[in-house]
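The chain contents come next:
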Amino acid sequence: MAYKIVPVTTFEQNCSVIWCEKTKKAAVVDPGGDLPKILAAIDELGLTLEKVLLTHCHIDHAGATADLAETKGVPIVGPQKEEQFWIDLLPQQSMMFGFPATKSFSPNQWLEQGDTVQVGDQYLEVRHCPGHTPGHVVFIHHPSKLAIVGDVLFNGSIGRTDFPKGDMDTLVNSIHQQLWSLEDDYEFIAGHGPNSTIGFERKNNPFVSDHRG
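These numbers were taken from a predicted model, which means no experiment stands behind them.

### Concerning the overall build of the chain
Part 1: What the chain contains, in helices and strands, is seven helices and 13 strands.
Part 2: In terms of overall dimensions, the chain is globule-like: its C-alpha atoms have a radius of gyration of 16 Å, near the 17 Å expected for 213 residues.
Part 3: In terms of overall dimensions, the chain has C-alpha extents of about 50 × 40 × 30 Å along its principal axes.
Part 4: Within the span of the chain, comprising 213 residues, buried residues form 55% of the whole.

Laid out in structure tokens, this is it:
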């Protein structure tokens, strides 16, 4: 599985274009905004977009979802169904944070723990990781030991839990149950900031490391 990170919006959100190198079929994960930048990346890489994948639906991750899906005629897949709360609030979120007017939408497919998503000939495992938002999911490509974790875990930090329906204990439990079960050498793309590895965060992250306090 190959990927290119396309930072979007004033929040510098890591939108990811991922693709199967054999088929050149692709998915866009978390198209938060700046649709022309995302479309340009797809064209420059010579890819065929198959679907839009969502980890969660805060405005900086989902703001361009409806427009991208309509422009390319592709389905919206994910997150987990509890995220409908945030999808319904997308127009309000766009006004609150000064984003361009944003449409809500209905995903073509909700995802649940243990589901599999196909991109070309490649398969991603889905894990439900609530806490930052209630319907947050992460995508894991085991052959390349790569995870796309949205705003669950960051390099040196974890997701905020002070938004509606956020909960710190739930988030920490999601990280311990769903991410710490991965081997140390799994790399992850976070929703913001640089990549890291599960092993580094397990050892060093001040919020959830095995050695904290």
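### A few points about the sheet that holds strand S9 (residues 146-150)
Part 1: Across the sheet, six strands lie side by side as S6-S7-S8-S9-S12-S13; this open sheet has mixed pairing. Taken across any chain shown, the strands that pair with only one partner, and hence form the sheet edges, are strand S6 (116-119) and strand S13 (196-197).
Part 2: The pairing of S9 with strand S12 (residues 187-190) spans four bridges and is parallel. Directly across from Ile148, in S12, lies its bridge partner Ile189.

### Quick word on the layout of surface pockets
Part 1: Size it by volume and the largest pocket reaches roughly 290 Å³.
Part 2: Considering the residues around the largest pocket, the lining is formed by 18 residues, among which Phe11, His58, Asp60, Phe97 and Phe163 are closest to the centre.
Part 3: Elements that contribute at least two residues to the lining of the largest pocket include exactly helix H2 (59-62) and helix H5 (90-96).
Part 4: Of the residues in the lining of the largest pocket, the class split is nine nonpolar, six polar and three charged.
Part 5: The calculated volume of the second largest pocket comes to roughly 220 Å³.
Part 6: Along the wall of the second largest pocket there are 15 residues; nearest its centre are Gly32, Gly33, Asp34, Phe99 and Pro100.
Part 7: Its residues assigned to classes, the lining of the second largest pocket comprises six nonpolar, seven polar and two charged.

### Details of the packing of aromatic side chains
Part 1: In this structure the tally under the stated criterion is four aromatic pairs.
Part 2: For the pair Phe11 and Phe97, a centre-to-centre distance of 5.8 Å together with 85° between the ring planes defines the contact as edge-to-face. Taken as a pair, Phe11 in the loop between strand S1 (2-8) and strand S2 (13-19) and Phe97 in the loop between H5 and S6 lie far apart in primary sequence, 86 residues in all.
Part 3: Phe97 sits in the partly exposed class, given a relative accessible area of 36%.
Part 4: Where Phe11 meets Phe99, the ring centres are 5.3 Å apart and the plane angle is 85°; that geometry is what we call edge-to-face. Taken as a pair, Phe11 in the loop between S1 and S2 and Phe99 in the loop between H5 and S6 lie far apart in primary sequence, 88 residues in all.
Part 5: With a relative accessible area of 34%, Phe11 lands in the partly exposed category.
Part 6: Residue class for Phe99 comes out buried when judged on its relative accessible area of 13%.
Part 7: Each member of the aromatic cluster is reached from another via a ring pair, and the members are Phe11, Phe97 and Phe99.
Part 8: Between the NZ or CZ atom of Lys165 and the centre of the ring of Phe85, over which it lies, the distance is 5.1 Å.

### Some points on the side chain of His141
Part 1: In this structure, His141 sits in strand S8 (residues 137-141).
Part 2: Judged by its relative accessible area of 2%, His141 falls in the buried class.
Part 3: Of note is the side chain of His141, whose polar atom sits 2.7 Å from the side chain of Gln122.
Part 4: When residues no more than four places from it in sequence are discounted, the contact partners of His141 are Met1, Gln122, Tyr123, Leu124 and Leu146.

### Examining the sheet that holds strand S3 (residues 25-29)
Part 1: Spatially, the five strands line up as an open sheet ordered S1-S2-S3-S4-S5, and their pairing is mixed. The open sheet is flanked by S1 and strand S5 (76-77), the only strands paired with a single partner.
Part 2: Of the strand pairs in this sheet, S3 and strand S4 (residues 48-53) are connected by five bridges, and their pairing is parallel. Considered in S4, the bridge of Val28 is made with Val52.
Part 3: Running over the sheet, helix H3 (residues 65-72) touches S3, S4 and S5 and is turned about 150° from S4.

### What to know about the nonpolar core
Part 1: Ranked by size, the top nonpolar core spans 31 residues in total, and within it Val17, Val28, Leu68 and Phe105 carry the most contacts.
Part 2: Those elements that provide at least two residues to this core are S1, S2, S3, helix H1 (35-44), S4, H2, H3 and helix H4 (84-88).
Part 3: Core analysis: the second largest hydrophobic core is formed by 20 residues, Val152, Leu153, Val172 and Phe188 among them.

Thresholds, definitions, all that
- Residues numbered from 1 in each chain as written.
- Predicted model: local features only at pLDDT ≥ 70, side-chain atom pairs only at ≥ 80, totals over all residues.
- Heavy atoms only, no water.
- Helix = DSSP H or I, 4+ residues; strand = E, 2+ residues; numbered from the N terminus.
- Rg over C-alpha atoms; globule rule 2.2 N^0.38 Å.
- Buried < 20%, exposed > 50% of the residue type's maximum accessible area, 1.4 Å probe, protein only.
- Pairing = 2+ DSSP bridges.
- 1 Å grid on protein atoms, 1.4 Å probe; cavity = no way out; pocket = protein on both sides within 12 Å on 5 of 7 lines; lining within 4 Å.
- Points joined across faces, edges and corners; volume = space filled by probe spheres on them.
- Nonpolar A, V, L, I, M, F, W, Y, C, P; charged D, E, K, R; others polar.
- Phe/Tyr/Trp six-rings, centres within 6.5 Å; stacked < 30°, edge-to-face > 60°.
- Lys NZ or Arg CZ within 6 Å of the ring centre and 35° of its normal.
- Polar contact = N/O pair within 3.5 Å; in protein donor to acceptor, adjacent residues only side chain to side chain.
- Contact = heavy atoms within 4.5 Å.
- Axes fitted to C-alpha atoms, helices over the stretch in contact; angles between N-to-C directions.
- Core = buried A, V, L, I, M, F, W, Y, C linked by side-chain atoms within 4.5 Å.

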